[in-house]
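Okay, here's what each chain looks like letter by letter:
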Amino acid sequence: MTKEEILEKHTSPITLLPSGYYYTRIEGRKIQRRKKEELEREIIKYYDTKNKTLVSIFPNFLECRKIEVADTTWKKDIYNFNTYIENSKMGNMPLVDIRLDDGYAFLNHCKKIYPEMKQKYWHCVRGTVNNMMQYAIDRSYITVNPILNIKPKKDFFEPPTKTRDADTVFSHSEAIAVTSLAEKDCEATHKAEPLGIIVLFNLGLRDGEICALKWCDIEEFRG
């Protein structure tokens, strides 16, 4: 809405008091300022904030996310917004009117779009919504996250898919093949990094641990 449209919608008159202050009422609450322009700004700010929605704040929220988080994270926010938030009832409600029940309705909305949704996937969608709510809190659009305490029933989501060991563990023949490729890569590039794969097979280190490994960590090494 434009400034003129907001002021026209505001039905309580702006009155000049004998003290020289201008005053009006916003939903019964008296507000006064020294200058009429200052009072009009307060009126506009109030109605503008009252009409903020998840959909309306998303563009500015996204610009902040691009500065604060990795590309993969804010791109997930875009997907979650386009897929679940943009066309939801909660996404288009004034932020100040959203209640916990609206959060549960949003959860059902998401489940209808993706019936096979697992709890881990919901945490990703909810993460985007929670971050948008925090963005709104930081800018005084709302004071609390109204859907923070959503607690879906245990059987609401599809059970997690069990992962077979065969899908996560190299077989003996696969380990031999990967080791061979690593040795050939080391010989071709004259770099030690490919040998890290062989170390992983033999020591069972995590990725981060192998990346942090130094020559001085190896006993009896004389560099």
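Residues numbered from 1 in each chain as written. Predicted model: local features only at pLDDT ≥ 70, side-chain atom pairs only at ≥ 80, totals over all residues. Heavy atoms only, no water.

As for a nonpolar patch on the surface
Next, step 1: A surface patch of nonpolar side chains, about 270 Å² in accessible area, is lined by Phe170, Ile197 and Phe201.
Next, step 2: Along the chain, the position of Phe170 falls in the loop between helix 7 (165–168) and helix 8 (172–189). (Patch = residues over 30% accessible without salt bridge, like charges linked within 9 Å, V, L, I, M, F, W, Y side chains within 5 Å. Areas by Shrake-Rupley, 256 points an atom, 1.4 Å probe, with all protein chains shown as cover. Salt bridge = Lys/Arg side-chain N within 4 Å of Asp/Glu carboxyl O. Helix = DSSP H or I, 4+ residues; strand = E, 2+ residues; numbered from the N terminus.)

Focus: the pattern of salt bridges
Next, step 1: Tallying each qualifying case throughout the model produces two salt bridges.
Next, step 2: With a closest N to O distance of 3.9 Å, Glu63 and Lys66 form a salt bridge. Taken as a pair, Glu63 and Lys66 lie in helix 3 (residues 54–68) at a separation of three residues, close to a single helical turn.
Next, step 3: Judged by relative accessible area, Glu63 falls into the partly exposed class, the value being 45%.
Next, step 4: The partner of Arg65 in a salt bridge is Asp77, with the nearest N and O atoms 2.8 Å apart. Taken together, the residues Arg65 in helix 3 and Asp77 in helix 4 (residues 71–85) connect sequence positions twelve residues apart. (Buried < 20%, exposed > 50% of the residue type's maximum accessible area, 1.4 Å probe, protein only.)

Remarks on the packing of aromatic side chains
Next, step 1: Under the definition given, this model contains eight aromatic pairs.
Next, step 2: Relative to Tyr121, the ring of Tyr114 has its centre 4.9 Å away and its plane inclined at 75°; by these criteria the two rings are edge-to-face.
Next, step 3: Tyr114 sits in the partly exposed class, given a relative accessible area of 28%.
Next, step 4: Of the aromatic side chains, those joined through ring pairs into one cluster are Phe58, Phe61, Phe81 and Tyr135.
Next, step 5: Cation over ring: Lys66 sits above Trp74, and NZ or CZ is 4.9 Å from the ring centre.
Next, step 6: The ring centre of Phe156 lies 4.6 Å from the NZ or CZ of Lys111, which sits over that ring. (Phe/Tyr/Trp six-rings, centres within 6.5 Å; stacked < 30°, edge-to-face > 60°. Lys NZ or Arg CZ within 6 Å of the ring centre and 35° of its normal.)

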